[in-house]
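Close look at the chain arrangement
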Amino acid sequence: MVAPTSMKSAEPEDETFGQKGQIAIFVGSPVNVSSTSTDSGNVSTLNLQFAPSVDYFFVRNVSLGLELIADYGSARSSSSDGSTLKSTALELGFGARLGVNVPLSKKVSLYPLVSGGFHHLRESFQTLSSGTVPADQVAPTTENDLWMSVEAPLLYHLVSHFFVGAGPTFYH
């Protein structure tokens with residue numbers, strides 16, 4: 001997690017993280033681009049993820065925020081009957097967050113967050129070359145669900161408007 005913060009504190013002399021009126025923008029939860037393939041070319045995958053969020057401290061050390069979710073994945077593989085199968089998945093979603101900043105020192109704080117929201121997932125499966133894959137195994141599926149997560153990142157404030165952090169996340 002790497003994030004710049006906008007310092008709009010009511011008290012300009014105190015620019016510590018979590019001041020009333022501050023805005024924190026998170027760009028690392030998660031940002032991921034990956035690709036995998038084998039020498040024989042039988043399997044290849046691509047995964048792109050982006051989930052930015054923004055939090056507003058409405059009172060000192062307590063924030064409300066919003067997050068967006070965009071996730072795309074594709075895989076291509078050969079089956080035992082000689083067919084080449086391609087699967088793709090697209091997830092789009094949004095959520096609300098509540099966070100509490102717990103300063104541990106001038107440069108370190110714990111920032112537990114509880115989030116919840118909605119996401120839409122669409123998966124499709126295609127046969128790209130001849131084979132004996134039944135049609136019911138290649139039908140697209142769509143899923144709409146509610147989700148919830150709990151995070152507890154430990155933040156290190158490099159300067160008053162920039163921090164890095166890491167910690168556990170539980171997602172359901």
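Scroll up a little and you will see the structure.
Rules behind the numbers
- Residues numbered from 1 in each chain as written.
- Predicted model: local features only at pLDDT ≥ 70, side-chain atom pairs only at ≥ 80, totals over all residues.
- Heavy atoms only, no water.
- Helix = DSSP H or I, 4+ residues; strand = E, 2+ residues; numbered from the N terminus.
- Pairing = 2+ DSSP bridges.
- 1 Å grid on protein atoms, 1.4 Å probe; cavity = no way out; pocket = protein on both sides within 12 Å on 5 of 7 lines; lining within 4 Å.
- Points joined across faces, edges and corners; volume = space filled by probe spheres on them.
- Nonpolar A, V, L, I, M, F, W, Y, C, P; charged D, E, K, R; others polar.
- Buried < 20%, exposed > 50% of the residue type's maximum accessible area, 1.4 Å probe, protein only.
- Contact = heavy atoms within 4.5 Å.
- Salt bridge = Lys/Arg side-chain N within 4 Å of Asp/Glu carboxyl O.
- Phe/Tyr/Trp six-rings, centres within 6.5 Å; stacked < 30°, edge-to-face > 60°.
- Lys NZ or Arg CZ within 6 Å of the ring centre and 35° of its normal.

**Observations concerning unusual backbone geometry**
For residues that are not glycine, phi is negative in most cases, and the peptide bond is trans in most cases. A positive phi angle, near 65°, is found at N61, a position not held by glycine. Here N61 lies in the loop between β5 (53-59) and β6 (62-78).

**Considering the pairing of β5**
Where strand β2 (residues 23-26) lies against β5, four bridges are found, and the strand directions are antiparallel. From the neighbouring strand, F26 faces β5, where its bridge partner is S53. Pairing analysis gives six bridges linking β5 to β6, with the strands arranged antiparallel. When the sheet's bridge partners are listed, F57 is paired in β6 with S63. From the end of β5 to the start of β6, which pair antiparallel, there are two residues, and N61 there has a positive phi angle of about 65°.

**Re the layout of surface pockets**
Of the volumes computed, that of the second largest pocket is approximately 250 Å³. Residues that form the lining of the second largest pocket fall into these classes: four nonpolar, eight polar and five charged.

**So, the environment of V100**
Counting through the fold element by element, V100 comes out in strand β7 (residues 84-100). Judged by its relative accessible area of 39%, V100 falls in the partly exposed class. Separated by 38 residues in sequence, V100 and V62 place their C-alpha atoms 4.6 Å apart. Ignoring any residue separated from it by four or fewer positions in sequence, one finds V100 in contact with N61, L110, Y111 and P112.

**Quick look at the pattern of salt bridges**
Summed over all chains, the structure comprises three salt bridges. With a shortest N-O distance of 3.0 Å, D55 and R97 are connected by a salt bridge. With a gap of 42 residues between them, D55 in strand β5 and R97 in strand β7 connect regions that are remote in the sequence. With a closest N to O distance of 3.8 Å, R97 and E151 form a salt bridge. Here R97 is found in strand β7, whereas its partner E151 is found in strand β11 (residues 141-151), with 54 residues between them in sequence. The residues R97 and E151 share a single accessibility class, namely buried. One connected set of salt bridges, linked through shared partners, spans D55, E67, R97 and E151.

**Regarding the pairing of β11**
The pairing of strand β10 (residues 113-127) with β11 spans 11 bridges and is antiparallel. Bridge assignment links H119 to a residue of β11, and that residue is D145. Here β11 runs beside strand β14 (residues 169-171); their pairing, made up of three bridges, is antiparallel. Note that in β14 the partner of S149 across the bridge is Y171.

**Description of the packing of aromatic side chains**
In the structure shown here, the tally under the stated rule is eight aromatic pairs. Aromatic side chains F17 and F57 sit 5.1 Å apart centroid to centroid with 80° between the ring planes, which places their arrangement in the edge-to-face category. Here F17 is found in the loop between β1 (2-6) and β2, whereas its partner F57 is found in strand β5, with 40 residues between them in sequence. Pair check on accessibility: F17 and F57 agree, each one buried. When the ring centre of F26 is taken as origin, the NZ or CZ atom of R97, which lies over that ring, is 5.0 Å away.

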